[in-house]
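Below are the chains, spelled out letter by letter.
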Amino acid sequence: MSRLIVASNRVADLDKAVQSGGLAVALEDALQSGRGLWFGWDGATVEEDEASLGIKLQQNNGIRTATIPLTRREYEEYYLGFSNRALWPTFHYRLDLAVYEHSFLEGYRRVNQRFAQSLAALIEPDDLIWVHDYHLIPLAEELRLQGVKEKIGFFLHIPFPSPDFFTAIPEHAWLAKSMFDYDILGFQTSTDAANFVRYVVEHADGEALSDDRVRAFGKTVIARAFPIGIDPDSVYEMAHTPEADAHMARLQRRSMANMFVLGVDRLDYTKGLPGRMRAFKRLLELHPELMKRVTLMQIAPPTREEVEAYTDIRQELEGLSGSINGEFGDFDWTPVRYIHRAIPRATLSALFRASQVGLVTPLRDGMNLVAKEYVASQDPENPGVLVLSKFAGAAEDLQEAIIVNPYDTDEMADGLHRALTMPVEERRERYDALIVRVRTNNVATWRETFLAALKAAPSETTS
Ligand code: ADQ
């Protein structure tokens with residue numbers, strides 16, 4: 001049986017109970033059910049000469065990991081620089097926030113090279129290699145240079161933008177060419193896969209063949225959508241423990257409002273958090289009868305605080321929640337509760353279940369697992385309503401949510417009002433349809449269909 005080798009930028013601290021990264025949650029599930037190895041950065045930054053300390057092999061919660069540190073300079077150029085100041089904003093259609101510096105690109109190349117050198121030494125014949133996300137796009141090219149002949153698949157967790165945006169990246173042709181050293185490229189949605197194919201055809205003199213195959217640079221690769229999912233049973237169970245019941249009762253007791261609108265996101269400018277608060281404010285302006293009856297609870301733990309755009313968004317949100325509370329709040333009612341830290345998954349599940357509305361309004365999002373977790377946590381007899389941005393990858397599938405345009409404050413306020421006043425029959429109908437979709441496209445389906453496609457990929461794709 002072939003082993004599964006997963007490579008991602010960061011190997012999560014598997015001993016930690018609280019995690020706030022979608023990738024960590026999905027991969028933990030994926031690796032525990034088979035033999036395998038998870039390779040990546042250990043999260044430490046070291047001085048230039050210490051980096052040669054090399055790979056650390058460990059076993060955690062039944063998962064074998066192989067990790068290496070980054071030097072401070074690599075961290076700045078590869079991680080903060082090219083990955084998070086160039087690729088992340090560009091792939092999320094935010095060219096206004098993108099910073100392209102040559103040193104970033106050089107650092108990105110060097111780290112991918114160093115990752116490949118370390119990983120190549122661990123690969124055995126017939127291993128299946130699965131590379132994750134935008135930090136490691138050229139990893140396959142570097143592994144091939146190290147002589148690795150095994151099948152290598154890539155999954156992009158974030159959107160693949162339209163060619164107009166992708167071509168803004170200096171050396172976009174190099175990046176695209178390196179994607180042809182994979183056997184299979186997985187995207188979150190059919191739109192992302194189509195954007196990639198369009199780039200290849202329009203800008204790389206490539207050709208779209210049958211069966212999702214694309215040919216360019218003298219090579220062929222499969223480009224297909226594999227929508228990521230969650231484990232709906234474990235999410236449901238976590239939302240229905242005696243602790244969750246107690247948590248819900250406490251929440252209701254302590255709050256004057258009897259309805260909650262819940263937002264749960266990493267604090268990121270792609271998640272549309274200021275727009276969400278403005279929509280809630282508009283809801284209160286248009287429907288004063290809802291005052292003291294509804295609270296917006298926004299949970300947003302900080303991430304990437306060394307990138308300026310992230311401190312800006314934090315300040316903007318603190319200002320917005322403060323001004324809404326100042327204008328509308330009373331001694332017995334706080335309209336917006338803004339919690340700026342990660343919270344345990346069990347508590348989160350209880351909050352999902354206790355909220356009448358799950359408000360998920362990113363400006364762009366690869367998939368958005370919170371939308372699926374919200375649906376999976378509901379009581380089938382008395383379910384809450386999902387209000388979902390049309391720019392979340394999840395909207396391609398979760399059509400029975402109330403789909404809104406996150407740039408349109410009035411439409412979002414209207415969507416919120418519909419959700420808060422929806423009769424139970426309609427709530428059940430929408431939930432019944434949504435839960436089928438969440439169950440069908442779950443995390444196990446995602447893993448298995450991707451790995452089956454990787455195994456079945458014709459080996460001439462590497463030629
Ligand atoms: P993220 O941008 O991190 O992931 P998302 O899909 O919403 O976004 O996953 C976040 C995960 O972290 C969820 O499981 C959520 O429950 C958890 N989480 C969020 N806030 C938390 C908090 N305060 N406390 C505890 N847990 C918290 C990237 C892409 C997404 C894509 C995923 C998976 O940007 O579009 O869906 O990868 O592919």
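Attention in this report is confined to the structure presented alongside it. Values in this document were obtained by computation on a predicted structure and should not be read as measured data. (Residues numbered from 1 in each chain as written. Predicted model: local features only at pLDDT ≥ 70, side-chain atom pairs only at ≥ 80, totals over all residues. Heavy atoms only, no water.)

## Re the overall build of the protein chain
Alright, step 1. Helices and strands together make up the secondary structure of the protein chain, namely 16 helices and 16 strands.
Alright, step 2. What you see for the protein chain is a C-alpha radius of gyration of 22 Å, in line with the 23 Å of a compact globule of 463 residues.
Alright, step 3. Along the longest, intermediate and shortest principal axes, the C-alpha atoms of the protein chain span 65 × 45 × 40 Å.
Alright, step 4. Intrachain contacts of the protein chain at a sequence separation of at least 6 include 77% that bridge at least 24 residues. (Helix = DSSP H or I, 4+ residues; strand = E, 2+ residues; numbered from the N terminus. Rg over C-alpha atoms; globule rule 2.2 N^0.38 Å. Contact = heavy atoms within 4.5 Å.)

## Brief notes about the pattern of salt bridges
Alright, step 1. Going through the model one piece at a time under the given rule, you end up with 38 salt bridges.
Alright, step 2. For Glu 306, the salt bridge goes to Arg 72, with nearest N and O atoms at 2.9 Å. A residue pair is termed long-range when its members are at least 10 positions apart, and Glu 306 in the loop between strand 12 (294-299) and helix 11 (308-328) and Arg 72 in helix 2 (residues 72-91) qualify at 234 residues.
Alright, step 3. Residue classification places Glu 306 among the partly exposed residues on the basis of a relative accessible area of 41%.
Alright, step 4. On the accessibility criterion, Arg 72 (36% relative accessible area) is partly exposed.
Alright, step 5. For the salt bridge of Arg 198 with Glu 202, the shortest nitrogen-to-oxygen distance reads 3.7 Å. Highlighted residues: Arg 198 and Glu 202, both in helix 7 (residues 190-203), separated by four residues, approximately one helical turn. (Salt bridge = Lys/Arg side-chain N within 4 Å of Asp/Glu carboxyl O. Buried < 20%, exposed > 50% of the residue type's maximum accessible area, 1.4 Å probe, protein only.)

## Structural notes on the site of the ligand
Alright, step 1. If you check the shell around the ligand, you find 25 residues, and the closest are His 157, Asp 365, Met 367, Leu 369 and Glu 373.
Alright, step 2. One nitrogen or oxygen atom from the side chain of Asp 365 is found 2.5 Å from an oxygen atom belonging to the ligand.
Alright, step 3. Expressed as a share of its isolated accessible area of 720 Å², the protein-covered part of the ligand is 97%.
Alright, step 4. Counting residues per element, the ones that place at least two in the shell around the ligand are helix 12 (345-354) and helix 13 (369-377).
Alright, step 5. Broken down by element, the residue count for the shell around the ligand peaks at three residues, all from helix 13.
Alright, step 6. Two domains each donate at least three residues to the shell around the ligand, and these are domain 1 (4-229 + 444-456) and domain 2 (232-440). (Near = heavy atom within 4 Å. Polar contact = N/O pair within 3.5 Å; in protein donor to acceptor, adjacent residues only side chain to side chain. Areas by Shrake-Rupley, 256 points an atom, 1.4 Å probe, with all protein chains shown as cover. Domains from an automatic or database assignment.)

## A word on the sheet that holds strand 11 (residues 259-264)
Alright, step 1. The six strands lie next to each other as 13-12-11-14-15-16, forming an open sheet whose pairing is parallel. The strands lining the two open edges of the sheet, one partner per strand, are strand 13 (336-339) and strand 16 (402-404). In this sheet, adjacent strand axes meet at a mean angle of 20 degrees when their direction is disregarded.
Alright, step 2. Judged from the six bridges that link them, strand 11 and strand 12 form a sheet pairing that is parallel. Within strand 12, the position partnered with Met 259 by the bridge is Val 294.
Alright, step 3. Contacts between helix 14 (residues 409-420) and the sheet are confined to strand 11, strand 12, strand 14 (357-360), strand 15 (385-389) and strand 16, with strand 16 contributing the most and set at about 170 degrees to the helix. (Pairing = 2+ DSSP bridges. Axes fitted to C-alpha atoms, helices over the stretch in contact; angles between N-to-C directions.)

## Some details on helix 13
Alright, step 1. Among the nine residues of helix 13, nine are classified as buried, and the element is accordingly described as predominantly covered.
Alright, step 2. Among the residues of helix 13, Leu 369, Val 370, Ala 371, Lys 372, Glu 373, Tyr 374, Val 375, Ala 376 and Ser 377 are the ones counted as buried.
Alright, step 3. The opening residue of helix 13, the one whose side-chain oxygen lies 3.0 Å from the backbone nitrogen of Val 370, is Asn 368.

## A short note on the pairing of strand 4 (residues 63-71)
Alright, step 1. Of all nine residues in strand 4, eight are buried; the element is thus mostly enclosed.
Alright, step 2. Of the pairings in the sheet, the one linking strand 2 (residues 36-46) to strand 4 comprises seven bridges and is parallel in character. Each bridged residue has a counterpart across the sheet, and for Gly 40 the counterpart in strand 4 is Thr 67.
Alright, step 3. Relative to strand 4, strand 3 (residues 56-60) runs antiparallel, the two being bridged by five bridges.

## With respect to the nonpolar core
Alright, step 1. Ranked by size, the top nonpolar core spans 97 residues in total, and within it Phe 115, Leu 139, Leu 143 and Phe 196 carry the most contacts.
Alright, step 2. The residue makeup of this core includes at least three contributed by each of domain 1 (4-229 + 444-456) and domain 2 (232-440).
Alright, step 3. When near neighbours in sequence (up to four residues on either side) are disregarded, Leu 139 contacts Ala 7, Asn 112, Phe 115, Ala 116, Leu 119, Val 131 and Tyr 182.
Alright, step 4. Counting 54 residues, the second-largest nonpolar core is a separate cluster that includes Trp 130, Ala 394, Val 438 and Leu 454. (Core = buried A, V, L, I, M, F, W, Y, C linked by side-chain atoms within 4.5 Å.)

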